[in-house]
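Observations on the three-dimensional arrangement
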Amino acid sequence: MFAKRYRFLIAFLLFIAGIINYMDRAALGVAAPFVKQDLNLSPAELGVIFSTFFFGYALFAFVGGQLADRYGPRSVYSWAAAAWSVLCMLTGAVTGFAQMFAVRALFGFAEGPMNSTTNRTLTTWFPREETARTIGFTFSGQTVGSAIAAPVVGLLAIQYGWRVAFVAIGAVGLLWVVAWRLLMTDRPQDNPRVGTEEVALIERSRAVTHLAPSDHARSLREYLFLPSTLSLGLGMFAVNYTLYIFLSWLPSYLTDALHMPVQQMALVASIPWACGFVGYVGGGIVADHLYKRMGDKLAARKITTIVPLAIAGVALIAVNAAPNAAVAVALIALAVLMLTSSVQSCWATIHELVPEARVGGVSGFIHLLSNISGIIGPTATGLAVQYLGGYASAFVIAALIAAAGVVAMAIFVRRPRLPEPAASLDVAKAV
């Protein structure tokens, strides 16, 4: 089946990793009504615990990307997935706020390398023309994980208790690590299962670059603080801010604001994430189609990043005017669909601005900036729910942040114009 397209098996493994990662991550949000009661946590304390995850997650998004550039994605992913799976299982053993705080913080460190390491994997395993749809497919596993977390964790918690649910889903991740170690290599040419035609296809496509030759010698530090890098960081911050609010607070919103019983919530909460799957996969297909048709490749990536984010911001404002629960859920589903369409193009844009050897580090830095939203968003939402009149204000804030991301990326995302290295300038003067 994968004789000439082994790279698709690698993509499938990354897709499964996304399911496991986000199911583990979303489990606390789904189990929050049980955890809050069992551990006697206030909404503000629960928000702090949600945000604690992102301190380590944001930092190791950057560190993990650098490690993937240096040591290869096979090793980095193996250690990260094994660690987050064990910590997910340990979540089921906590007995109070302090223990939950500590375990959740370490859990964030372990999950941090995932997306930047995935993006680094794709630079060596896939042709450039397949980048957006492959990112869309692999990242769509995250929405599948979020979608099935609600019924799986919710029903397990109802039947056996929330602690058993964490142990069960954590164990699945350890099985994935075994498969990854057996089937994955850092480069396709090092894998005996990959044919020479597939290797040639990947290398031929990746040899095409829109960067100047001197850009490949630039240091990582030079790329990190370019306006384009910082603007992509803000754009992804805007996307993740809302996604993380929904990931952490959607079950509570459905039960508290829309007054759904837990059994109904466990099913309804999966609807937006199912739409997120469509956004990842469908958005990737549309983005690569536009990429092939347009002469300006960077403009093609920007369009499919900015337009969906703008639509998501409008949908968030409209949620507050929804006349009933069905419309509110439909608007949230639209927002998630647009956000996931935007984020996979944002990741693909990095490939147009950065040479292969720097993709992991730059991806990790952008992911770090974006995941500061995870530190701020869940806590801000908890405070808004408790002190600012409920969820309506939280949705308005998210929409304003989306608007800021749209403006920043529209203006500042452009190809790097770095000063020539000193050696190149000396040669030019000599000539």
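1. Side note on helix H12 (residues 270–293)
Relative to the 34 Å expected for 24 residues at 1.5 Å per residue, H12 spans 35 Å between its end C-alpha atoms, a close match to the ideal helical length. Among the residues making up H12, those that are buried are Ser270, Pro272, Trp273, Gly276, Gly279, Tyr280, Gly283, Gly284, Ala287, Asp288 and Tyr291. On its buried face, H12 sits against helix H6 (131–160), helix H10 (227–256), helix H11 (262–268), helix H13 (297–319) and helix H14 (325–353).

2. A look at the nonpolar core
Counting 125 residues, the largest nonpolar core has Trp176, Phe246, Tyr253 and Leu254 as its most contacted members. No other element matches helix H1 (residues 6–39), which puts 18 residues into this core. If sequence neighbours within four positions are ignored, Leu254 has contacts with His259, Met260, Met265, Val268, Ala269 and Val329.

3. Let's talk about the packing of H12 against H13
For the pair H12 and H13, the least separation of the axes is 8 Å and the interaxial angle reads 155°. The orientation of H12 relative to H13 falls into the category roughly antiparallel. You can see that H12 and H13 cross each other, and the crossing is right-handed. Side by side, H12 and H13 meet where Ala287, Asp288, Leu290, Tyr291 and Lys292 of the first sit next to Lys297, Ala300, Arg301, Ile303 and Thr304 of the second. Taken together, the residues of the contact of H12 with H13 sort by class into five nonpolar, one polar and four charged.

4. A short note on the layout of surface pockets
Estimates place the volume of the largest pocket at around 160 Å³. Lining of the largest pocket is provided by Phe8, Ala11, Phe126, Glu130, Arg133, Thr134, Phe137, Val281 and Ile285. Mapped by element, the contributors of at least two residues to the lining of the largest pocket are H1, H6 and H12. For the lining of the largest pocket, the element with the highest residue contribution is H6, accounting for three residues. For the lining of the largest pocket, a count of residues per class yields six nonpolar, one polar and two charged.

5. Points about the packing of aromatic side chains
The relative placement of two aromatic rings is captured by the distance of their centres and the angle of their planes. All chains considered together, the criterion is met by 22 aromatic pairs. Ring geometry for Trp249 versus Tyr391: centroids 6.5 Å apart, planes at 70°, classification edge-to-face. One end of the pair, Trp249, is in helix H10; the other, Tyr391, is in helix H16 (residues 391–412), with 142 residues separating them in the sequence. Here the aromatic residues Phe50, Phe246, Trp249, Tyr253, Tyr391 and Phe395 are joined through ring pairs into a cluster of three or more. Just above the ring of Tyr22 sits the side chain of Arg25; from NZ or CZ to the centre is 4.0 Å. For Lys297, the ring lying beneath its charged end belongs to Tyr291, and the centroid distance is 4.9 Å.

Cut-off values and rules
- Residues numbered from 1 in each chain as written.
- Predicted model: local features only at pLDDT ≥ 70, side-chain atom pairs only at ≥ 80, totals over all residues.
- Heavy atoms only, no water.
- Helix = DSSP H or I, 4+ residues; strand = E, 2+ residues; numbered from the N terminus.
- Expected span 1.5 Å × (residues − 1).
- Buried < 20%, exposed > 50% of the residue type's maximum accessible area, 1.4 Å probe, protein only.
- Contact = heavy atoms within 4.5 Å.
- Core = buried A, V, L, I, M, F, W, Y, C linked by side-chain atoms within 4.5 Å.
- Axes fitted to C-alpha atoms, helices over the stretch in contact; angles between N-to-C directions.
- Parallel < 35°, antiparallel > 145°, perpendicular 65-115°, else oblique.
- Left-handed = near helix turned anticlockwise from the far one by under 90°.
- Nonpolar A, V, L, I, M, F, W, Y, C, P; charged D, E, K, R; others polar.
- 1 Å grid on protein atoms, 1.4 Å probe; cavity = no way out; pocket = protein on both sides within 12 Å on 5 of 7 lines; lining within 4 Å.
- Points joined across faces, edges and corners; volume = space filled by probe spheres on them.
- Phe/Tyr/Trp six-rings, centres within 6.5 Å; stacked < 30°, edge-to-face > 60°.
- Lys NZ or Arg CZ within 6 Å of the ring centre and 35° of its normal.

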